[in-house]
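Read off the chains here:
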Amino acid sequence: MKKYGVLLLAVLVLIGGVSFAEVKNPDTYIHLGIGEPETLDPHYAYDTASGEALGMVYDNLIAYKGESVTEFIPRLSLEVPSVENGLIKDDGKTYVFPIREGAKFHNGNDLTPEDVEYTFERGILTDPYAGPMWMIIEALFDYQTIEDMVEDKLQIAWSDMVDEDGNLKSEEYASQLVDFYEQYIDPAIEVEGQNVVFHLVRPFAPFLSILAQNASWSAIMDKETCVSLGLWNGEPDGWWKYHALKKEESPLYEQAIGTGPFVLVEWDRAQQKLTFNRNDDYWGEKPKIAKAIIWGIDEWSTRRAMLEAGDADQIYTPLQYLEQVIDMPGVKIEEGARITITALHFNWTVEKGSQYLGSGQLDGEGIPPDFFSDVHIRRAFSYAFDYDTFIEQVLQGYGFRVSSVIPKGLLGFNENLPMYDFDLEKAKEEFQQAWDGEVWEKGFKLTLLYNTGNEERQTACEMLKENIESLNPKFKIEVQGVQWPTYLDAYRSGQLPAFIIGWLADYPDPHNFIFTYFHSNGVYGTTQGQAFIDFARENLDSLVEKAIAETDEAERQKLYEEIQTIAYEDALGITLYQPLEIYPMRDWVKGWEFNPMRSGEVNWEGVYKEE
């Protein structure tokens with residue numbers, strides 16, 4: 001792979017700078033990014049690379065209208081439910097979706113309402129660890145995981161009933177789990193003629209957003225295909241065998257069959273390259289391009305050269321390289337601000353045996369697994385990051401600070417909330433207090449990871465390393481890059497002492513950020529270690545749950561400000577920045593449209609090329 005990249009770059013350097021009078025590959029759109037999807041199973045996928053690919057292959061019930069994040073248009077549902085059209089009933093607890101007839105999956109199977117019912121039930125029952133299905137479970141049942149729901153309803157812990165391989169620990173539990181499905185899961189999503197009806201236990205305002213296109217966890221799957229591949233068979237008996245399998249064990253890990261506008265042709269794992277063809281039998285308006293290529297090329301110089309040569313139509317560009325493309329002949333720059341933040345969070349209880357702990361002890365050659373459970377360590381790291389320099393020099397001003405994890409523009413944001421400033425003297429004072437002075441006396445060594453190709457995150461890690469190591473020669477931080485799937489696996493399995501990661505809103509509501517980072521069952525909350533989970537249960541969970549149930553916006557604002565103040569006082573994480581984003585592309589690109597909720601950088605259905 002490395003040899004290939006060098007040869008390709010050498011060729012492109014020879015032809016770089018040429019201005020093309022004609023559009024290259026007019027029926028093919030090539031976007032160069034970094035990394036590749038983690039998985040193509042919609043109920044496991046919870047990253048933007050996976051979401052982008054799935055959004056091309058699958059359809060959801062509804063979609064966002066243009067650039068709006070509050071207006072919807074029909075997709076596989078013939079109508080968007082509303083109180084006015086009678087499809088939202090019972091004070092917001094019942095949603096009715098009339099399912100489109102005539103839509104076909106890529107294998108020729110007809111879409112049916114039963115496919116929709118199966119899709120959501122399979123996702124709920126599968127509910128993989130740190131996956132996206134918590135949103136559907138929360139909206140329908142007011143729980144965050146299917147395991148929590150089972151334990152509450154049956155008064156038996158999931159781990160006491162089912163082992164890690166999905167086998168019952170006693171056959172007496174089979175009837176109870178079957179009854180659980182029949183009493184709670186099956187009635188929540190019902191088929192009534194050509195309609196699919198969702199029954200929520202209480203009103204949940206963001207429900208339509210959780211179902212909209214770009215929410216890959218709500219992509220509609222073909223029941224017949226799923227069953228034939230060995231996924232859950234749709235029957236109550238034995239559903240627990242399919243719960244929380246490892247992502248690689250899913251038959252949909254590397255394949256995708258939807259009703260969407262594109263058909264997946266190939267996922268070349270060696271080159272991080274996905275190729276799609278237009279679905280010429282698509283039920284809706286067909287894409288304007290015949291072929292789409294998403295290609296993960298981690299080397300910036302190669303991406304830049306391919307854009308300049310016209311061999312790529314659009315590329316991911318770290319902001320520090322903006323000057324290299326802004327005046328490039330034949331290239332234009334689009335901009336957009338997605339509802340997203342990038343933050344560094346700490347693991348309070350790292351898995352023992354992690355290779356990123358060094359010696360695993362506080363002896364100058366490592367750190368203990370609970371290193372970041374000391375608030376003084378977390379505060380020291382928070383004071384050691386040069387926020388303004390990073391935004392001005394690395395992001396070229398295309399970003400701004402936010403006090404916590406709620407982006408500007410959402411309810412709960414308050415620019416006057418306290419936040420840490422770059423102050424090495426205060427960082428030193430905190431390090432001297434940490435672990436009763438042992439950290440300052442003995443020193444420490446740990447590894448910070450970033451995903452290869454993401455140079456903003458690499459630079460953030462290197463800035464922390466330089467600033468912290470300047471305080472004490474006994475402080476050692478190693479910065480290491482790994483591929484995106486490897487990075488995800490490492491943080492989700494609790495191996496990383498700290499992790500930098502972005503969060504693109506699943507839906508435009510502060511709960512999606514606050515719950516994710518600070519609730520004990522949040523996607524990032526669960527990966528910050530058992531000590532953090534215990535802290536969250538005692539100090540944060542009830543506030544988070546109270547805020548989403550509150551209907552008065554002023555009261556919700558107060559609750560979110562209280563949560564963010566606790567996060568500041570206990571240094572629960574370092575919110576690095578909220579970005580403004582740039583999208584360099586050839587000037588022959590037409591029809592490009594921005595939506596702040598979109599996974600990926602291309603609106604594949606509308607984009608095309610023309611002189």
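Above this note sits the structure.
> Looking at this model, I keep getting lost on the overall build of the protein. Mind explaining?
In terms of regular secondary structure, the protein is built from 21 helices and 21 strands. Relative to a compact globule of 611 residues, whose C-alpha radius of gyration would be 25 Å, the protein shows 24 Å and is just as compact. Reported as C-alpha extents along the three principal axes, the dimensions of the protein are approximately 70 × 70 × 45 Å. Of all 611 residues assigned to the protein, the portion counted as buried reaches 60%. Taking the intrachain contacts of the protein between residues at least 6 apart in sequence as the baseline, contacts between residues at least 24 apart amount to 71%. Roughly 23600 Å² of accessible area belongs to the protein as shown, and the carbon and sulfur atoms make up 45% of that amount.

> Please clarify how the pairing of strand 17 (residues 498–504) should be interpreted in this entry.
Two faces belong to every sheet, and in a regular strand the side chains alternate between them. The buried count for strand 17 comes to seven of seven residues, which makes it a mostly enclosed element. Residues of strand 17 alternate between two faces, with Ala498, Ile500, Gly502 and Leu504 on one and Phe499, Ile501 and Trp503 on the opposite face, all of them buried. With seven bridges connecting them, strand 13 (residues 340–346) and strand 17 associate as antiparallel partners. Looking at strand 17, one finds that Ile341 is bridged to Trp503.

> It is not clear to me how the packing of aromatic side chains should be interpreted in this structure. Could you clarify?
Scanning the entire structure with this criterion turns up 45 aromatic pairs. A ring pair is formed by Trp440 and Phe475, whose centres lie 5.5 Å apart and whose planes are at 85°; its orientation type is edge-to-face. In this pair, Trp440 sits in helix 15 (residues 438–442) while Phe475 sits in strand 16 (residues 475–482), placing the two residues 35 residues apart along the sequence. Given a relative accessible area of 23%, Trp440 falls into the partly exposed group. Accessibility expressed as a relative area gives 2% for Phe475, which makes it buried.

> Can you help me understand the pattern of salt bridges in this one?
Between side chains of opposite charge, pairing is possible as soon as their charged atoms come close. One pass over the structure, following the stated rule, counts 24 salt bridges. One salt bridge connects Asp142 with Arg202, and the closest N-O pair in it is separated by 2.9 Å. Placement of the pair is Asp142 in the loop between helix 4 (134–141) and helix 5 (146–154) and Arg202 in the loop between strand 7 (195–199) and helix 8 (207–211), with a sequence separation of 60 residues. Overall, Asp142 belongs to the partly exposed group, its relative accessible area being 42%. For Arg556, the salt bridge is made with Asp509, and the minimal N-O distance between the two is 2.9 Å. Taken as a pair, Arg556 in helix 21 (residues 553–569) and Asp509 in the loop between strand 17 and helix 18 (511–518) lie far apart in primary sequence, 47 residues in all. Neither residue differs from the other here; Arg556 and Asp509 are each classed as buried. Salt bridges sharing partners connect three or more residues here, namely Glu38, Lys247, Glu248, Asp489 and Arg492.

> Would you mind going over the sheet that holds strand 14 (residues 399–400) with me for this structure?
The strands that make up a sheet pair up through hydrogen bonds in the backbone, lying either parallel or antiparallel. Read across the sheet, four strands follow the order 14-18-13-17 without closing on themselves; strand pairing throughout is antiparallel. Edge strands, defined here as strands with exactly one partner in the open sheet, are strand 14 and strand 17. Taken together, the four bridges between strand 13 and strand 18 (residues 573–579) define a ladder with antiparallel strand orientation. Across the sheet, the residue bridging to Leu344 is Ile574, located in strand 18.

> Explain the pairing of strand 1 (residues 28–33) to me, please; I cannot follow it from the model alone.
With six of its six residues buried, strand 1 lies for the most part within the structure. Judged by which residues are buried, strand 1 turns out to be covered on both faces: Thr28, Ile30 and Leu32 on one side and Tyr29, His31 and Gly33 on the other are all buried. Relative to strand 10 (residues 291–296), strand 1 runs parallel, the two sharing six bridges. Residue Leu32 lies in a different strand from strand 10, and its bridge partner there is Trp295. As judged from the two bridges shared by strand 1 and strand 11 (residues 314–315), these two strands associate in the parallel manner. In the strand pairing of strand 11, Leu32 is matched with Ile315.

Cut-offs used in this document
- As a convention, each chain's residues are numbered from 1 in the sequence order in which they are written.
- pLDDT decides what is reported in this predicted model: residues at 70 or higher carry local features, side-chain atom pairs at 80 or more are listed and counted, and totals for whole chains, interfaces and linings draw on all residues regardless.
- Hydrogens and water are ignored here; the side-chain numbers use all heavy atoms of the structure.
- Secondary structure counts use DSSP, requiring at least four H or I residues in a row for a helix and at least two E residues in a row for a strand, with both numbered from the N terminus.
- Based on C-alpha atoms, the radius of gyration is set beside the globule rule, defined as 2.2 Å times the residue count to the power 0.38.
- Each residue's exposure class comes from its accessible area (1.4 Å probe, protein chains only) as a fraction of the maximum for that residue type: buried when under 20%, exposed when over 50%, partly exposed otherwise.
- Should any heavy atoms of two residues lie within 4.5 Å, those residues are counted as being in contact.
- In this description, accessible areas are obtained by the Shrake-Rupley approach with a 1.4 Å probe, and a residue is regarded as covered only by the protein chains that are shown.
- Two strands qualify as a pair provided that DSSP identifies no fewer than 2 bridges between them.
- Only the six-membered ring of Trp is used, alongside the rings of Phe and Tyr, when aromatic pairs are assigned; centres must lie within 6.5 Å, and planes under 30 degrees apart are stacked while those over 60 apart are edge-to-face, with the rest tilted.
- Basic side-chain nitrogens of Lys or Arg form a salt bridge, by our definition, when they fall within 4 Å of a carboxyl oxygen of Asp or Glu.

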